[in-house]
Amino acid sequence: MKLSTKGRYGLMAMFELAMEYGNGPISLKTIAQKQDLSDNYLEQLFAVLRRDELLNSVRGSQGGYMLARHPKSITVGEILRSLEGSLAPAGCVSEDDNDCCKDENCATKLVLMRIKNSIDNVVDSITLEDMINDI
């Protein structure tokens with residue numbers, strides 16, 4: 001599995017918001033500068049994260065973004081699935097596309113399913129708070 005810039009940058013931005021949790025809204029520009037990211041690209045990612053109720057936005061001169069929930073209740077898996085979609089190594093074991101023409105006789109399905117389950121277990125066990133505590 002290889003994460004795209006969507007997943008990596010989104011995770012970096014959410015980490016920045018977790019670091020500032022409780023301090024009110026943080027401007028997109030500030031987050032982009034602190035993590036050395038493009039604010040235009042970050043704005044696209046935040047639209048998705050907001051739609052999936054991981055972020056809240058506040059309008060106005062003192063506005064910006066903040067986490068929708070406490071950092072201990074937002075997992076890396078939620079963030080990555082929001083931005084990347086399924087984390088399955090192949091479509092035949094994905095929640096989104098569970099269509100396989102060799103379903104009954106697939107030699108690799110067991111392996112792919114175990115890889116998917118391992119990935120899910122890891123990313124769902126790490127919260128934003130865990131990331132903060134790890135630095």
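Here goes a summary of the coordinates provided. These numbers come from a predicted model, not from an experiment. Each chain has its residues counted from 1, running along the sequence as written. Owing to the predicted nature of the model, reporting of local features is limited to residues with pLDDT of at least 70; listing and counting of side-chain atom pairs is limited to 80 or more, with chain, interface and lining totals taken over all residues. Hydrogens and water molecules were not included; the side-chain quantities draw on all heavy atoms of the structure.

## Points about the overall build of the chain
Stated precisely, the cut-off is as follows: We count a stretch as a helix when DSSP gives it H or I for four or more residues in a row; a strand needs E for two or more, and each element gets its number in order from the N terminus. Relative accessibility thresholds used throughout: buried, under 20% of the residue-type maximum; exposed, over 50%; partly exposed, between the two (1.4 Å probe, protein chains only). Any two residues whose heavy atoms approach within 4.5 Å at even a single point are treated as in contact. Using the Shrake-Rupley algorithm and a 1.4 Å probe, accessible areas are obtained, with residue cover drawn only from the displayed protein chains. This count recognises Lys and Arg as positive and Asp and Glu as negative, with His and chain-terminal groups excluded. By convention, the point assigned to a charge is CZ for Arg, NZ for Lys, CD for Glu and CG for Asp.
A tally of regular secondary structure across the chain gives 6 helices and 2 strands. N-terminal to C-terminal, the α/β element order of the chain is α-α-α-β-β-α-α-α. Oriented by its inertia axes, the alpha-carbon framework of the chain measures out at about 60 × 30 × 25 Å. Looking at the chain residue by residue over its 135 residues, the buried ones come to 35%. In the chain, of all internal contacts separated by at least 6 residues, the share reaching a separation of at least 24 is 61%. Summing over all exposed atoms, the chain offers an accessible surface of approximately 8100 Å²; the carbon and sulfur share of this is 47%. If the 15 positive side-chain charges of the chain are averaged to one point and the 20 negative ones to another, these points end up 2 Å apart.

## Re the pattern of salt bridges
Pairing is possible between side chains that carry opposite charge, provided their charged atoms lie close to one another. Stated formally: By definition, a salt bridge exists where a carboxyl oxygen of Asp or Glu is found within 4 Å of a side-chain nitrogen of Lys or Arg.
Under the counting rule described, the total for this entry stands at 7 salt bridges. Of the charged contacts in the structure, one is a salt bridge between Arg81 and Asp124, with a shortest N-O distance of 2.9 Å. Pair noted here: Arg81 is in helix 4 (residues 76-84) and Asp124 is in helix 5 (residues 109-125), with a separation of 43 residues, a long-range link.

## Comments concerning the packing of aromatic side chains
Here the distance between the centres and the angle between the planes together describe a pair of aromatic rings. Let me state the cut-off plainly: Whether two aromatic rings pair depends on their centres lying within 6.5 Å, for rings of Phe, Tyr and Trp, where Trp uses its six-membered ring; planes under 30 degrees apart make the pair stacked, over 60 edge-to-face, and the rest tilted.
Counted by the stated rule, this structure contains 2 aromatic pairs. Each ring, one from Tyr9 and one from Tyr41, has its centre 5.8 Å from the other, and the planes form 85°; the classification is edge-to-face. Of this pair, Tyr9 sits in helix 1 (residues 5-19) while Tyr41 sits in helix 3 (residues 39-51), and the two are 32 residues apart along the sequence. Here Tyr9 falls in the partly exposed class, since its relative accessible area comes to 27%. The exposure class of Tyr41 is partly exposed, given its relative accessible area of 23%.

## Topic: the packing of helix 2 (residues 28-35) against helix 3
Note the threshold: Throughout, an axis means a line fitted to C-alpha atoms (over the contacting stretch in the case of helices), and angles, computed between N-to-C directions, take values from 0 to 180 degrees. The hand of a helix crossing depends on one turn: near helix anticlockwise from the far one by less than a right angle means left-handed, and clockwise means right-handed.
Across the interface, helix 2 lies against helix 3 with an axial gap of 9 Å and an inter-helix angle of 115°. When you trace helix 2 past helix 3, the crossing you get is right-handed. Residues Leu28, Ile31 and Ala32 of helix 2 pack against Asp39, Leu42, Glu43 and Phe46 of helix 3.

## Topic: the side chain of Thr127
Considering the arrangement of structural elements, one finds Thr127 in the loop between helix 5 and helix 6 (128-133). The class for Thr127 is buried, based on a relative accessible area of 12%. Setting aside chain neighbours within four positions, we find Thr127 in contact with Pro71, Lys72, Ile74 and Thr75.

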